[in-house]
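Listed below are the residues making up each chain.
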Amino acid sequence: MLMALHIEPDKERSKPLLEHYYQCLCQNVKGYSYEMFMDDYRISIAEAMFYPIRLINSGICDFNMRDRGIRAYEAFVANSTL
């Protein structure tokens, strides 16, 4: 959620950050393929779509966060080949 909603929702610009995070993660986690990592990231983006909606429904109108979530969803989930 941090990456998609706050740091970088665009696929090309976030890929190097995700790859670096994955490499750091694999120093301590074994048997976690990059494909599994990206599948989990896609699921977290889909789940994160509900957080800005919840904020907006509570009166906190963070439309920037909503828009970043939509961009991340379009880039990683809607247009992905799973």
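As the structure is a prediction and not an experimental result, all values here were calculated from the model.

1. A short note on the overall build of the chain
Assigned secondary structure in the chain consists of 5 helices and 0 strands. Listed by position from the N terminus, the elements making up the chain come as α-α-α-α-α. With respect to the three principal axes, the spread of C-alpha positions in the chain is 45 × 25 × 20 Å. Excluding contacts between residues fewer than 6 apart, the proportion of contacts in the chain whose partners are at least 24 apart in sequence is 58%. Within the structure as shown, the chain displays about 5500 Å² of accessible surface, and the carbon and sulfur contribution to it stands at 56%.

2. Re the confidence of the model for the chain
Averaged over every residue, the pLDDT of the chain is 86; residues scoring 70 or more account for 95%. Mean pLDDT across the elements of the chain bottoms out in helix 1 (residues 2-7) (73) and peaks in helix 2 (residues 11-25) (91).

3. Thoughts on a nonpolar patch on the surface
Together, Leu-2, Ile-7 and Leu-17 make up a nonpolar patch on the protein surface, roughly 280 Å² of accessible area in all. Structurally, Ile-7 can be placed in helix 1. Under the relative-accessibility criterion, Ile-7 is labelled partly exposed at 43%.

4. Let's talk about the side chain of Ser-14
In this fold, Ser-14 is placed in helix 2. Once residues lying within four places of it in the same chain are set aside, the contact partners of Ser-14 are Met-3, Glu-8 and Phe-76.

5. So, the packing of helix 4 (residues 50-57) against helix 5 (residues 63-78)
At a closest axis distance of 9 Å, the pairing of helix 4 and helix 5 adopts a crossing angle of 160 degrees. Taken together, the axes of helix 4 and helix 5 lie roughly antiparallel to each other. With respect to the hand of their crossing, helix 4 and helix 5 are arranged in left-handed fashion. Contact with helix 4, carried on its side by Tyr-51, Pro-52, Leu-55 and Ile-56, involves Phe-63, Met-65 and Arg-66 of helix 5 and no other residues of that element. Grouping the constituent residues of the contact of helix 4 with helix 5 by class yields 6 nonpolar, no polar and 1 charged.

6. Here we look at the packing of aromatic side chains
The relative placement of two aromatic rings is captured by the distance of their centres and the angle of their planes. Considering all chains together, one arrives at 6 aromatic pairs under this definition. An angle of 80 degrees between the planes, with centres 5.2 Å apart, marks the rings of Tyr-22 and Tyr-34 as edge-to-face. Here Tyr-34 lies in helix 3 (residues 34-48) and Tyr-22 lies in helix 2, a separation of 12 residues in the sequence. With 5.1 Å between their ring centres and 85 degrees between their planes, Tyr-41 and Phe-76 make a pair best called edge-to-face. With a gap of 35 residues between them, Tyr-41 in helix 3 and Phe-76 in helix 5 connect regions that are remote in the sequence. Each member of the pair, Tyr-41 as well as Phe-76, is classed as buried. By the ring-pair criterion, three or more aromatic residues cluster together here, those being Tyr-21, Tyr-22, Tyr-32, Tyr-34 and Phe-37.

Each value, and the rule that gives it
Residues numbered from 1 in each chain as written. Predicted model: local features only at pLDDT ≥ 70, side-chain atom pairs only at ≥ 80, totals over all residues. Heavy atoms only, no water. Helix = DSSP H or I, 4+ residues; strand = E, 2+ residues; numbered from the N terminus. Contact = heavy atoms within 4.5 Å. Areas by Shrake-Rupley, 256 points an atom, 1.4 Å probe, with all protein chains shown as cover. pLDDT = per-residue confidence, 0-100. Patch = residues over 30% accessible without salt bridge, like charges linked within 9 Å, V, L, I, M, F, W, Y side chains within 5 Å. Salt bridge = Lys/Arg side-chain N within 4 Å of Asp/Glu carboxyl O. Buried < 20%, exposed > 50% of the residue type's maximum accessible area, 1.4 Å probe, protein only. Axes fitted to C-alpha atoms, helices over the stretch in contact; angles between N-to-C directions. Parallel < 35°, antiparallel > 145°, perpendicular 65-115°, else oblique. Left-handed = near helix turned anticlockwise from the far one by under 90°. Nonpolar A, V, L, I, M, F, W, Y, C, P; charged D, E, K, R; others polar. Phe/Tyr/Trp six-rings, centres within 6.5 Å; stacked < 30°, edge-to-face > 60°.

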